[in-house]
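Here's the letter readout for the chains.
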Amino acid sequence: MTTPSSKSIDQAVIEQEIGKISAFIQTARQHLTEDKLIDVAALEGKVRSLCDKVNMSSDQAAENTRPAIVKIREDLDALDKELSAQFERLATSLVGSTRNQVTAAYGKPNDDA
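Residues numbered from 1 in each chain as written. Predicted model: local features only at pLDDT ≥ 70, side-chain atom pairs only at ≥ 80, totals over all residues. Heavy atoms only, no water.

**A word on the side chain of Asp 75**
- Here Asp 75 lies in helix H3 (residues 59–106).
- Overall, the relative accessible area of 5% leaves Asp 75 in the buried class. (Helix = DSSP H or I, 4+ residues; strand = E, 2+ residues; numbered from the N terminus. Buried < 20%, exposed > 50% of the residue type's maximum accessible area, 1.4 Å probe, protein only.)

Here it is in structure tokens:
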């Protein structure tokens, strides 16, 4: 059980974490629009750390950060959709590339002459 003195995470600290996560997500989304591959492995830890800090904050600080956290969730949902779309494009591209390599290696079908 937490005591009142252990609930010492300041709202400014939480807002700083929110800013870092939001910037990370926006950078990732920008890189996706440029067809760059991105690594989002660190994002889970950042979000987990934010949740821990919110849980350790006062009820008022947690309530004050609710809109920003909802926005992060919306941004994460958008990033998820964009990553899925990039994956689909890459998978389709790889299938086409493999088909082209096979065709180049063995000749085109019906090219017996």
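**Here we look at the side chain of Ser 57**
- Relative to the helices and strands, Ser 57 resides in the loop between helix H2 (41–55) and H3.
- For Ser 57, a relative accessible area of 2% corresponds to the buried category.
- A distance of 2.7 Å separates a polar side-chain atom of Ser 57 from the backbone oxygen of Val 54. (Polar contact = N/O pair within 3.5 Å; in protein donor to acceptor, adjacent residues only side chain to side chain.)

**A closer look at the packing of helix H1 (residues 11–33) against H2**
- Running from N to C, H1 and H2 point in directions that differ by 160 degrees, and their axes come no closer than 10 Å. Between H1 and H2, the angle is such that the two are roughly antiparallel. When the axes of H1 and H2 are compared, the crossing they make is left-handed. Here Val 13, Ile 14, Glu 17, Ile 18, Ile 21, Phe 24 and Ile 25 of H1 lie close against H2, whose contacting residues are Leu 43, Lys 46, Val 47, Ser 49, Leu 50, Lys 53 and Val 54. (Axes fitted to C-alpha atoms, helices over the stretch in contact; angles between N-to-C directions. Parallel < 35°, antiparallel > 145°, perpendicular 65-115°, else oblique. Left-handed = near helix turned anticlockwise from the far one by under 90°. Contact = heavy atoms within 4.5 Å.)

**Focus: unusual backbone geometry**
- Here the phi dihedral of Asp 35 falls at roughly 55 degrees; this positive angle occurs in a residue that is not glycine.
- Tracing the backbone shows Asp 35 in the loop between H1 and H2.
- Overall, Asp 35 belongs to the exposed group, its relative accessible area being 54%.

**Quick notes on H2**
- A rise of 1.5 Å per residue sets the reference length of H2, with its 15 residues, at 21 Å; its end C-alpha atoms lie 23 Å apart and thus fit the reference within 8%.
- Taken residue by residue, H2 has Leu 43, Leu 50, Lys 53 and Val 54 as its buried positions. End-on, the buried residues of H2 take up no more than an arc of 100 degrees, which puts them together on one face. Residues of H2 that are exposed and point more than 90 degrees away from the buried face comprise Ala 41, Glu 44 and Asn 55. (Expected span 1.5 Å × (residues − 1). Arc of directions from axis to C-beta.)

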